[in-house]
Amino acid sequence: MDEPLVALPIRSFRDAYQRLAGSYSPDARMVLARALASRTASTVLRAGMTPHIVTSATEVREWALTEGHRVVADPPGGGLDGAAGEAVRLAAGRPWLILHADLPCLSPAEVLLALDVARSGERVLAPSYDGGTSALGGQGPHSFRYGAASFHRHLPAGRPPRVIVSLGFLLDIDRPQDLVVAVRHPQGAWLAESAVPLG
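Read on for an overview of the structure. (Residues numbered from 1 in each chain as written. Predicted model: local features only at pLDDT ≥ 70, side-chain atom pairs only at ≥ 80, totals over all residues. Heavy atoms only, no water.)

**Comments concerning the pattern of salt bridges**
What counts here: Here, a salt bridge means any Lys or Arg side-chain nitrogen found within 4 Å of an Asp or Glu carboxyl oxygen. Helix numbering and strand numbering both begin at the N terminus, where a helix is a DSSP run of H or I of at least 4 residues and a strand a DSSP run of E of at least 2. Classification of residues uses two cut-offs on accessible area relative to the type maximum, computed with a 1.4 Å probe and protein chains only: under 20% is buried, over 50% is exposed, and between them is partly exposed.
In total, this model carries 7 salt bridges according to the counting rule given. One salt bridge connects R11 with D74, and the closest N-O pair in it is separated by 3.7 Å. Residue R11 is located in the loop between β1 (5-9) and α1 (26-46), and its partner D74 is located in the loop between β3 (70-73) and α3 (79-91); the two are separated by 63 residues in the primary sequence. Between R14 and E59 there is a salt bridge whose closest N-O contact spans 3.7 Å. Here E59 lies in helix α2 (residues 58-66) and R14 lies in the loop between β1 and α1, a separation of 45 residues in the sequence. Its relative accessible area of 52% is what places R14 among the exposed residues.

**Describing the environment of A92**
For A92, the location among the structural elements is in the loop between α3 and β4 (95-99). The sequence separation of A92 and A16 amounts to 76 residues, and the corresponding C-alpha distance is 30 Å.

**Focus: the sheet that holds strand β5 (residues 124-127)**
Defined as follows: At least two DSSP bridges between two strands are required for those strands to pair. For this analysis, residues touch if any pair of their heavy atoms sits within 4.5 Å. The angle between two axes is taken between their N-to-C directions and runs from 0 to 180 degrees, where each axis is a line fitted to C-alpha atoms and a helix contributes only its stretch in contact.
Judged by pairing direction, the sheet is mixed, and its 7 strands sit side by side in the order β3-β2-β1-β4-β6-β5-β7 without closing on themselves. A single partner strand is all that each edge strand has here, and the edge strands are β3 and β7 (162-163). As defined by bridge partners, strand β2 (residues 51-55) adjoins β3 across 4 bridges and the pair is classed as parallel. Bridge assignment links T55 to a residue of β3, and that residue is A73. Packing of α2 onto the sheet brings it into contact with β2 and β3, and relative to β2 it is tilted by some 165 degrees. Those strands touched by α3 are β1, β2, β3 and β4, and its axis lies near 160 degrees from that of β1.

The structure is reproduced here in structure tokens:
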């Protein structure tokens, strides 16, 4: 079987993490967004897969090309649902996995576990701690329902999924406290050694 398509939809680095605006400057949030995306894409590579960056933002496209990742044009006006749908269309029947790019503790083993489920023909669904959807995979067309509490909307959006609950998928970055939790865990300690201004 052909290699599954692993997609990371990234809307923007410049406007990322608005909910961190009270604690971090726009420049700091942009550095954080780029660092998290680089780490997540690197984790996909370490799992032996090719990350596809779905974006319409110039700065994200330039970053992705500089790092050697494949770039997929984000359909205009489609939001995250449209970006995920474009990745599935590009997969053309192959297994696919849609990953959020802000998963500081994600491991290659977790990526491979999700891909194994998708390769088997099952749907795979991994929630974030706040009820979002950190990873969603399968084979063939899918109805995407991203947004607040999307995990519960994705549950009935197809055949019953295999749900993966693990740290790498649960912890995404939405609040300053999430960064504190990530840095204190061995899997997220890299953030303290990066150029991200955490203080």
